[in-house]
Amino acid sequence: MSSTTPAAAAAHFRASLAFHTDVSDVAAALASGGPAFVLVDSRSTESWDQGHIPGAVHLPTALIPEQAGQLLDRSVPVVTYCWGPGCNGATRAALALAELGYQVREMLGGFEYWVREGFEFETWQGRERRPADPLTVPVNTDDCGC
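Conventions adopted
Residues numbered from 1 in each chain as written. Predicted model: local features only at pLDDT ≥ 70, side-chain atom pairs only at ≥ 80, totals over all residues. Heavy atoms only, no water. Helix = DSSP H or I, 4+ residues; strand = E, 2+ residues; numbered from the N terminus. Polar contact = N/O pair within 3.5 Å; in protein donor to acceptor, adjacent residues only side chain to side chain. Contact = heavy atoms within 4.5 Å. Core = buried A, V, L, I, M, F, W, Y, C linked by side-chain atoms within 4.5 Å. Buried < 20%, exposed > 50% of the residue type's maximum accessible area, 1.4 Å probe, protein only. Pairing = 2+ DSSP bridges. Axes fitted to C-alpha atoms, helices over the stretch in contact; angles between N-to-C directions.

**Q** Tell me about the side chain of T123, and please be specific about residues and values.
**A** Along the polypeptide, T123 turns up in strand β6 (residues 121-123). Looking at T123, its side chain comes within polar contact range of the main-chain nitrogen of Q125, at 3.0 Å. If we ignore the near neighbours within four places in the chain, the residues touching T123 are D49, Q50, G51 and E128.

**Q** Talk me through the nonpolar core; I want residue IDs and the actual numbers.
**A** Core analysis: the largest hydrophobic core is formed by 15 residues, its most contacted members being V26, L39, I53, Y81, M107 and W114. Elements with a minimum of two residues in this core: α2 (23-31), β4 (78-81) and α6 (110-116). If you look at the next biggest cluster of nonpolar residues, it comprises 14 residues, including V38, A93, Y102 and V104.

**Q** Lay out the sheet that holds strand β2 (residues 38-41) in plain terms, naming residues and giving numbers.
**A** Taken together, 5 strands build an open sheet; the order of strands is β1-β5-β4-β2-β3 and the sheet is parallel. On the outer flanks of this sheet lie β1 (20-22) and β3 (57-58), each paired with one strand and no other. For β2 and β3, the ladder comprises 2 bridges, and the chain directions are parallel. Following the sheet pairing, V40 is matched in β3 by V57. Each of β1, β2, β4 and β5 (104-108) is contacted by α2, which is oriented at about 75 degrees to β1, the strand it contacts most.

**Q** Any chance you could break down the environment of Y113 for me, citing the residues and the numbers?
**A** Among the secondary structure elements, Y113 is positioned in helix α6. Note on Y113: relative accessible area 23%, which makes it partly exposed. C-alpha separation for the pair Y113 and R74, spaced 39 residues apart in sequence, amounts to 27 Å. Apart from residues lying up to four places away in sequence, Y113 is in contact with V23, P85 and T136.

Shown next as structure tokens:
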């Protein structure tokens, strides 16, 4: 394993924080009533129907070049999400949006961790919420100490 300098590591992690957010931070911003971003679900229509975050805009990655200008305001930052940590769809969507001139961040954890952390989601049948998974959120406190 090669070593890196502390300065190189700091630069890497600083950049990572500038381009990523997580489900808890997105949920807190949405709950505040006025997030300073638009949330974009980059999955297929079938996946969107299976479940999505309330208030998100549905814009599959393949349609970003032709539809982003009609659905998104370039002056408003965008946060992308896809299925979860095993999927790079949100990364590909973020790249496509950045190449079109949008300010963009990727939501780590995706829809999977949104649901696992107990946040409300929508399906074609209505709104749902599952109990939080104790492996993903702290028990008996709102602060994970991160």
